[in-house]
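Below, each chain spelled out in residue letters.
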Amino acid sequence: KIITVYQDPVYADYPLQEEDAASDVTEGHDEEDQMYEGEYQGIPHPDEVKAAQRAARYRIFRQQEDLLANEDAEELSEQYEDIMEDCGHGKFQWTLFVVLGLALMADGVECFVVAFVLPSAEKDLCLSNAEKGMLGLTVFLGMMVGAFLWGGLADKVGRRRCLVVALAINCVFVFLSSFAQGYGFFLFFRLLSGVGIGGTVPIVYSYFSEFLQMDKRGEHLSWLCMFWMIGGIYASFTAWGIIPRYGWGFSMGTEFQFHSWRVFVLVAALPAIASLVGLTFMPESPRFLLENAKHDEAWMILKQVHDTNWRAKGQPEKVFTVTHIKAPKTAEDEFIEIQSATGTAVQRWAVRSLTLCKLVLRNVASLLSAELRFATLFMAIIWFCMAFSYYGLSVWFPDMIKHLQYEEYESKVKVFHKERVENFHFNFSLENQIHKEGEYIHDKFISIEMKSVKFESSLFEDCRFEDIRSTDTVFENCTIRSTVFYNTDLWEEKFIDCKMENTTFEHNKYGCHLDTVEENDVLIYLVSFLGSLAVLPGNIISALFMEKIGRVKIIGGSMLISAGCTFFLFLSFSQSAIIAMQCLFCGVSVAAWNGIEVVTVELYPTSKRATAFGVLNALCKLAAVLGSSIFASFVGITKVVPILLSFTALVCGGLVALKLPDTRERILQ
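Quick caveat, the model's predicted, so the values are computed rather than measured.

(A) Here's a closer look at the overall build of the chain. Of regular secondary structure, the chain possesses 20 helices and 17 strands. Sequence separation of 24 or more characterises 66% of the internal contacts of the chain that already satisfy a separation of 6 or more. Summed over all atoms, the accessible surface of the chain reaches about 32,600 Å², with 60% contributed by carbon and sulfur.

(B) Up close: the packing of aromatic side chains. Overall, the coordinates contain 47 aromatic pairs when judged by the stated rule. Ring plane angle 55 degrees and centroid distance 5.0 Å describe the contact between Phe175 and Phe179, whose orientation is recorded as tilted. Note that Phe175 and Phe179 are positioned in helix 5 (residues 159-179) at a spacing of four residues, about one turn of the helix. Judged by its relative accessible area of 44%, Phe175 falls in the partly exposed class. Assessed through its relative accessible area of 29%, Phe179 is described here as partly exposed. Ring pairs connect the aromatic residues Phe424, Phe426, Phe428, Tyr440, Phe445, Phe455, Phe460, Phe465, Phe475, Phe485, Phe495 and Phe505, which therefore count as one cluster. Sitting above the plane of the Trp310 ring, Lys318 keeps its charged end 4.9 Å from the centroid. The positively charged end of Lys548 is found above the aromatic ring belonging to Phe545, 5.7 Å away from the centroid.

(C) Focus on the side chain of Ser222. Its location among the elements puts Ser222 in helix 8 (residues 214-242). Discounting chain neighbours no more than four positions away, the residues touching Ser222 are Asn539, Ser542, Ala543, Met546, Asn594 and Val598.

(D) Just the sheet that holds strand 4 (residues 420-422), in detail. A sheet is described by the order of its strands in space; here five strands give the open sequence 4-7-10-13-16, paired in parallel fashion. The two strands at the open ends of the sheet, each matched to only one other strand, are strand 4 and strand 16 (499-501). Averaged over all adjacent pairs, the angle separating strand axes in this sheet is 5 degrees, with direction ignored. With three bridges connecting them, strand 10 (residues 459-461) and strand 13 (residues 479-481) associate as parallel partners. Note that in strand 13 the partner of Leu459 across the bridge is Thr479.

(E) Structural view of the environment of Gly231. Within the secondary structure layout, Gly231 lies in helix 8. The class of Gly231 is buried, set by a relative accessible area of 0%. As a C-alpha pair, Gly231 and Glu110 span 121 residues in sequence and 8.5 Å in three-dimensional space. Residues contacting Gly231, with those up to four places away along its chain left out, are Met105 and Val109.

(F) Highlighting the side chain of Thr663. Residue placement: Thr663 occurs in the segment after helix 20 (640-657). Of the polar contacts made by the side chain of Thr663, one reaches the side chain of Glu602; its length is 2.4 Å.

(G) Structural view of the nonpolar core. Ranked by internal contacts, the top residues of the largest apolar core, which has 155 residues, are Tyr205, Met379, Ile382, Trp593 and Tyr604. Looking at which element gives the most residues to this core, the answer is helix 3 (residues 91-124), with 18 residues. Filtering out sequence-adjacent residues up to four positions away, Met379 remains in contact with Ile596, Val599, Thr600, Leu603, Tyr604, Leu616 and Leu660. Among the nonpolar cores identified, the runner-up in size contains 19 residues, and Phe460, Ile468, Cys478 and Ile480 belong to it.

(H) Quick peek at the pattern of salt bridges. Summed over the entire model, instances satisfying the criterion amount to 19 salt bridges. Glu602 is the salt-bridge partner of Arg217, the closest N and O atoms lying 2.8 Å from each other. Placement of the pair is Arg217 in helix 8 and Glu602 in helix 18 (residues 575-603), with a sequence separation of 385 residues. Overall, Arg217 belongs to the buried group, its relative accessible area being 0%. Several salt bridges share partner residues, and in doing so they unite Asp155, Arg159, Glu210 and Arg609 into one network.

(I) Main features of the state of the cysteines. Counted according to the given criterion, the structure contains zero disulfides. Cysteine Cys385 is unpaired, with the sulfur of Cys652 as its nearest cysteine sulfur at 4.2 Å. Relative accessible area serves as the criterion here: at 35%, Cys652 is assigned to the partly exposed category.

(J) How the structure looks around the packing of helix 3 against helix 10 (residues 270-279). Look at helix 3 against helix 10: their axes get within 8 Å of each other, and the N-to-C directions meet at 155 degrees. Comparing their axes, helix 10 and helix 3 come out roughly antiparallel. Crossing of helix 3 over helix 10 shows left-handed handedness. Facing Val99, Leu100, Leu102, Ala103, Met105, Ala106 and Val109 of helix 3, the residues of helix 10 in contact are Pro271, Ala272, Ala274, Ser275, Gly278 and Leu279. Partitioning the contact of helix 3 with helix 10 into residue classes produces eleven nonpolar, two polar and no charged.

(K) Representation of the packing of helix 3 against helix 9 (residues 260-267) within the structure. Helix 9 packs onto helix 3 with a crossing angle of 150 degrees between their chain directions and a minimal axis gap of 9 Å. By the angle between their directions, the pair helix 3 and helix 9 is classed as roughly antiparallel. Classified by chirality, the crossing of helix 9 by helix 3 is left-handed. Within the contact between the two elements, helix 3 uses Val113, Phe116, Val117, Ser120, Ala121 and Asp124 and helix 9 uses Trp261, Arg262, Phe264 and Val265. Tallied by class, the residues present in the contact of helix 3 with helix 9 amount to seven nonpolar, one polar and two charged.

(L) Examining empty space enclosed by the protein more closely. Enumeration over the complete set of coordinates arrives at three cavities of 30 Å³ or more. Contributions of two or more residues to the lining of the second largest cavity are made by helix 3 and helix 5. Of all the elements, helix 3 adds the most residues to the lining of the second largest cavity, at four residues. Taken together, the residues that form the lining of the second largest cavity break down as eight nonpolar, one polar and two charged.

(M) Fine view of the pairing of strand 14 (residues 484-488). Bridging between strand 11 (residues 464-471) and strand 14 involves four bridges; their strand directions are parallel. When the bridges of strand 14 are listed, Phe465 appears paired with Phe485.

(N) Broad picture of the environment of Glu81. As for its position among the elements, Glu81 is in helix 2 (residues 46-87). If near-sequence neighbours (up to four positions away) are discounted, Glu81 is found in contact with Gln213, Met214 and Ile667. At a separation of 2.8 Å, a polar atom in the side chain of Glu81 contacts the main-chain amide nitrogen of Met214.

(O) Broad picture of helix 10. Looking at helix 10, one finds that the buried residues are Pro271, Ala272, Ser275, Gly278 and Leu279. The buried residues of helix 10 occupy an angular sector of 125 degrees when the element is viewed end-on, so they sit on one face. For helix 10, the elements touching its buried residues are helix 3, helix 5, helix 7 (200-209), helix 8 and helix 9.

(P) Here's a closer look at the pairing of strand 11. In this structure, strand 8 (residues 444-446) lies alongside strand 11, joined through three bridges in parallel fashion. The residue of strand 11 that forms the bridge with Lys444 is Arg464. With three bridges joining them, strand 9 (residues 449-456) and strand 11 adopt parallel strand pairing. By the bridge assignment, Lys451 is partnered in strand 11 with Thr471.

Basis of the calculations
Residues numbered from 1 in each chain as written. Predicted model: local features only at pLDDT ≥ 70, side-chain atom pairs only at ≥ 80, totals over all residues. Heavy atoms only, no water. Helix = DSSP H or I, 4+ residues; strand = E, 2+ residues; numbered from the N terminus. Contact = heavy atoms within 4.5 Å. Areas by Shrake-Rupley, 256 points an atom, 1.4 Å probe, with all protein chains shown as cover. Phe/Tyr/Trp six-rings, centres within 6.5 Å; stacked < 30°, edge-to-face > 60°. Buried < 20%, exposed > 50% of the residue type's maximum accessible area, 1.4 Å probe, protein only. Lys NZ or Arg CZ within 6 Å of the ring centre and 35° of its normal. Pairing = 2+ DSSP bridges. Axes fitted to C-alpha atoms, helices over the stretch in contact; angles between N-to-C directions. Polar contact = N/O pair within 3.5 Å; in protein donor to acceptor, adjacent residues only side chain to side chain. Core = buried A, V, L, I, M, F, W, Y, C linked by side-chain atoms within 4.5 Å. Salt bridge = Lys/Arg side-chain N within 4 Å of Asp/Glu carboxyl O. Disulfide = S-S within 2.5 Å. Parallel < 35°, antiparallel > 145°, perpendicular 65-115°, else oblique. Left-handed = near helix turned anticlockwise from the far one by under 90°. Nonpolar A, V, L, I, M, F, W, Y, C, P; charged D, E, K, R; others polar. 1 Å grid on protein atoms, 1.4 Å probe; cavity = no way out; pocket = protein on both sides within 12 Å on 5 of 7 lines; lining within 4 Å. Points joined across faces, edges and corners; volume = space filled by probe spheres on them. Arc of directions from axis to C-beta.

In structure tokens:
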């Protein structure tokens, strides 16, 4: 049927009434059954034609918009580079260099704090082996979360703002951890301090790179890496100077103890505090502001950079000539807020937070877009392989030294067999001894220390133990009769399968204690100091040749040379040989680290730079946890597995690095 409805021109401006619009011919038929005249000839409906035309026009419009946006972005990148060249490199950049370097130094210190305080903290907090392992693991987990969180927020909220908040969180929880008396609180506060300090590396490099011109970028970002080395040296020196000074503390009764290792925890926070103070005088990144359509603020900051540099160079008359900066007309993303009149403060905060989370996650997902997919995959492999080997061997080296020390100590053990001692007063310490099937009758053990002593299948009759401090001391399969233990730390768990007859324990020492003589071996500080100092030559060489050789060759070459160095570990049979291998490995591998961080900055656009750095740095911390756990499990068992794992990872990462594009002449996108 062909239905045609005519309308009188006189009533054209009025809508048809229902009864007027119906026809006798169409009565009983739905509109869906109605067809127009050309359908049988295969001619599309006019509405369908219009819809298709609108869709085509929209696609063309979007393509034109994307093309214009890309052109605007390229024009902004080129103009921004010209502006930075006009501003020059001078006082402003060097001031920012020191402030951000202190933040990076704080990150380096954080990685050493737990290792230095653990020998004392395990006694003060009564830590088991599992709890010690969890403490070291928790710090890296916190840093992993912090890198992901603050890196993503820095691209949406601002570099400076996020860095200030992250450092403030670190300082607050470092302070609280130094006073925490229980293991649970100490663990929790160190976790949150790690979340804070984890944001420094992604933000610092992104922030500083946006104040550098192209020909200065690689070199000065490499110089910035030296602050991580300085952090290791600072931590080693302060730990060496403070922790063994057991008088540097105070106590309030038996419930609150503040020993010297807690003083070191506070001192370790000084670089973060100094950086936090310095950041209050630093501006936001103008490149970030331009990406978010804050043109006036960006222009004022660029003028400040220009005037600061040229005044310091003795040319205050030089005028900042930029009047207009090409930038996106609107911000890439806009926050959705509930107006003050339509919702409570909590609702507005919830909406802002939810929207911000969505924007951050969208930015993270965009790292796998067609343009960035391969760059992200290659960089993830390189970061993971490098961190797995570096942090794994960083744990393996000192653990191997401790193992060799233990073997040497164990080889000097004195064994006493079937000795009989009567009416003797032991007024000297017992150390590294094994007593088998001995008999001790009417003997006194008073005010002595027992260290690494084992009594096996021995008899103690009518003896007295008083004011005893023990370490790694056990009684196994012993018979103890009519014996008194007064003010000792010899608890039930130190008596294994022993037979007690008329034995009393009075005023036992509960809790743990610090040994004031040899609790902290100087070697642990020396090894960390030498490892950090060995980085200096690699830092200098990589900084000087970053622009001449190129980032890709430095990364690939350093990782492959580091892989070759690992085979020398088969020849390390002494403590001095292991220390030498550690210094060699650290000195070579730092060049690869410098190149990786520079390339990461240059591969990603401004809107995704900190996010990408944060994701990759979080992956780095995950690799550090895996590497340190796996390598430590083979200490004293075999060298082959750690060496082969590190060699394979470094070779894989080095070969992938050689596939990266050369970013030396690339303007920051």
